[in-house]
Amino acid sequence: MNHDRSRDLYDRALSVMPGGVNSSVRAAIEPYPFFVERGDGGHVIDADGNRYVDWVMGLGPLLYGHDLPQPVESAVQSKVSEGPMFGAPTEIEVEHAEFVTRHVPSVESIRFVNSGTEATVSACRLARAATGRDKIVVMQGGYHGAQETTLVEGEYDDVEPSSPGIPEEFAEHTLAVPFNDEEAAQRVFEDHGEDIAAVMVEPILANMGIVAPVDGYHETLRDLTEDNGALLIFDEVITGFRVGGLQCAQGKFGIDPDITTFGKLIGGGFPVGAIGGRSELIEQFTPSGEVFQAGTFSGHPVTMAAGLESLRYAAEHDVHEHINDLGDRLRTGLQEIVEDQAPEYTVAGTEGIFKVLFTRDAPETFEGHCEGGCSQRPDCPRFEHCPKNAADVAAGQTDRWRRVFWGEMKDQGVFLSQNQFEAQFVTYAHTDDDVETTLEAYKQAL
Ligand code: PLP
């Protein structure tokens, strides 16, 4: 595979952009990432003309792959032709807010912003303001964007910023507990209950491999927050409108969080985020509520049109069915390959997200066939083996993905996320052939 032009572009980029990229995760692959020229359905074509089946899909915002359905494309073009933005309200924002509040029962009111990070920053500020408390509980190994409160490492109340540039004092307001550990969640409330403003959690952790909740875990978080006067924030930046269809992951699990953060899919491929929740909370963003929240580009008409039309199209077509069906086929195929060739590895994911985790358990520690779907069912023969928290995931083989496996897949024309821990995404544009090509490539690469 020829990568001359990507290499030249990367060389130029290194002179003018840090790491040659605009998001540090894009430079994870050595010696250099390929540069994309264009998309085509479920594929991307790089600057040297190489074609790949694309499971990265913009890291999650693309429900339709690289071809927008005609009504979405028309809505976007029509908004562009009306003038890109105004700094004043437009009807399309109201329509989008109406759509989300109609489908997600816990969301009575919503504020649109421009990224998932902006949404989680504002959610933390709102929770702190609403409760008069400072501490936010997060899951070890979880990710909520490039923001000060949640970029931490360490355990429990012994956490530090995970990036230089964040004052140590900021981390004093963050508590990190292991996901799926009910006792740790109870303990953190026993020890710090009066200071905890909120627990922020992805309903399915999709940034450290894909880790599903064990039965009852979210109910425990719901009860603990309620009993202690704290808020439950579901970060649905990845899961929102992807897992659980239009009701999102909270609908799938039957939990009503106080606040939900959205991103990715609700912008139809354009920059977006949102904070939704009970009216009395979100209302605090009004000028009289006084929790400051603002943004030049927020509720951008082009983004709103793309996001709303994408979700409407999904509501009227078999979009989630197609995606979930292909996702099942992919995971079932991967499960067979893994059992045959790398039984210590774990196939994770559900509906339109999937990942093979390079876990290390000795094969003799489990027997029997995983049903797939990573639903953490205690009766699954691999239940004990399935990673439940960051420690389980981190015990995997970290270098193999980046240094060997990713390149093997790329050379066979399959584009996987550059980070071993990031979810991969099935879209409406993917086909049976894409699944077959990908399974064959996994077979070779593993
Ligand atoms: N929250 C979660 C769960 C995410 O996965 C991400 C990004 O991947 C973010 C927040 C941050 O979103 P953004 O990259 O749009 O700022």
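Residues numbered from 1 in each chain as written. Predicted model: local features only at pLDDT ≥ 70, side-chain atom pairs only at ≥ 80, totals over all residues. Heavy atoms only, no water.

### Section: the overall build of the protein chain
Tallying secondary structure elements over the protein chain gives 14 helices and 16 strands in all. Relative to a compact globule of 446 residues, whose C-alpha radius of gyration would be 22 Å, the protein chain shows 21 Å and is just as compact. Each principal axis of the C-alpha atoms in the protein chain carries an extent, and together these give about 60 × 60 × 45 Å. Of all 446 residues assigned to the protein chain, the portion counted as buried reaches 55%. For the protein chain, the share of sequence-separated contacts (at least 6 apart) that also reach a separation of at least 24 residues comes to 71%. With the model as given, the accessible surface of the protein chain reaches about 18700 Å², and the carbon-plus-sulfur share is 47%. The protein chain carries 32 positive and 75 negative side-chain charges, and their two centres are separated by 5 Å. (Helix = DSSP H or I, 4+ residues; strand = E, 2+ residues; numbered from the N terminus. Rg over C-alpha atoms; globule rule 2.2 N^0.38 Å. Buried < 20%, exposed > 50% of the residue type's maximum accessible area, 1.4 Å probe, protein only. Contact = heavy atoms within 4.5 Å. Areas by Shrake-Rupley, 256 points an atom, 1.4 Å probe, with all protein chains shown as cover. Lys, Arg positive; Asp, Glu negative; His and termini not counted. Charge placed at Lys NZ, Arg CZ, Asp CG, Glu CD.)

### Things to note about the environment of arginine 382
Relative to the helices and strands, arginine 382 is located in the loop between strand E14 (353-357) and helix H12 (390-394). Note: C-alpha distance between arginine 382 and threonine 346 (36 residues apart in sequence) is 9.1 Å.

### Remarks on the site of the ligand
Around the ligand, the neighbouring residues are Ser115, Gly116, Thr117, Tyr143, His144, Gly145, Glu202, Asn207, Asp235, Val237, Ile238 and Lys264. Between the ligand and the protein, one listed contact pairs a nitrogen atom with a side-chain N or O atom of aspartate 235 at 2.7 Å. At 2.9 Å from an oxygen atom of the ligand is found a side-chain nitrogen or oxygen belonging to lysine 264. Alone, the ligand offers 390 Å² of accessible surface; in the complex the protein occludes 82% of this. For the shell around the ligand, a count of residues per class yields three nonpolar, six polar and three charged. (Near = heavy atom within 4 Å. Polar contact = N/O pair within 3.5 Å; in protein donor to acceptor, adjacent residues only side chain to side chain. Nonpolar A, V, L, I, M, F, W, Y, C, P; charged D, E, K, R; others polar.)

### Structural notes on the UniProt feature "modified residue: N6-(pyridoxal phosphate)lysine" (unreviewed entry) in the protein chain
In the UniProt entry, the feature "modified residue: N6-(pyridoxal phosphate)lysine" (unreviewed entry) is given for Lys264. Considering the arrangement of structural elements, one finds lysine 264 in the loop between strand E11 (259-263) and strand E12 (273-277). If we ignore the near neighbours within four places in the chain, the residues touching lysine 264 are Leu59, Gly60, Pro61, Val237, Ile238 and Val272. (UniProt positions renumbered as here; feature names shortened; annotations may be inferred.)

### Description of the nonpolar core
Membership of the largest hydrophobic core comes to 58 residues, with the highest contact counts inside it found for Trp55, Phe241, Phe262, Leu416 and Tyr442. With seven residues, helix H11 (residues 319-341) is the largest single contributor of residues to this core. In terms of nonpolar packing, the next biggest core, distinct from the first, is built from 28 residues, Tyr156, Phe179, Leu224 and Ile255 among them. (Core = buried A, V, L, I, M, F, W, Y, C linked by side-chain atoms within 4.5 Å.)

### Brief notes about the packing of helix H6 (residues 182-192) against helix H7 (residues 217-227)
As a packed pair, H6 and H7 sit with axes 10 Å apart at the nearest point and diverge in direction by 10°. Considering their axes alone, H6 and H7 lie roughly parallel with respect to each other. Residues Glu182, Ala185, Gln186 and Phe189 of H6 form the contact with H7, whose own contacting residues are Tyr217, Thr220, Leu221, Leu224 and Thr225. Residue composition of the contact of H6 with H7, grouped by class: five nonpolar, three polar and one charged. (Axes fitted to C-alpha atoms, helices over the stretch in contact; angles between N-to-C directions. Parallel < 35°, antiparallel > 145°, perpendicular 65-115°, else oblique.)

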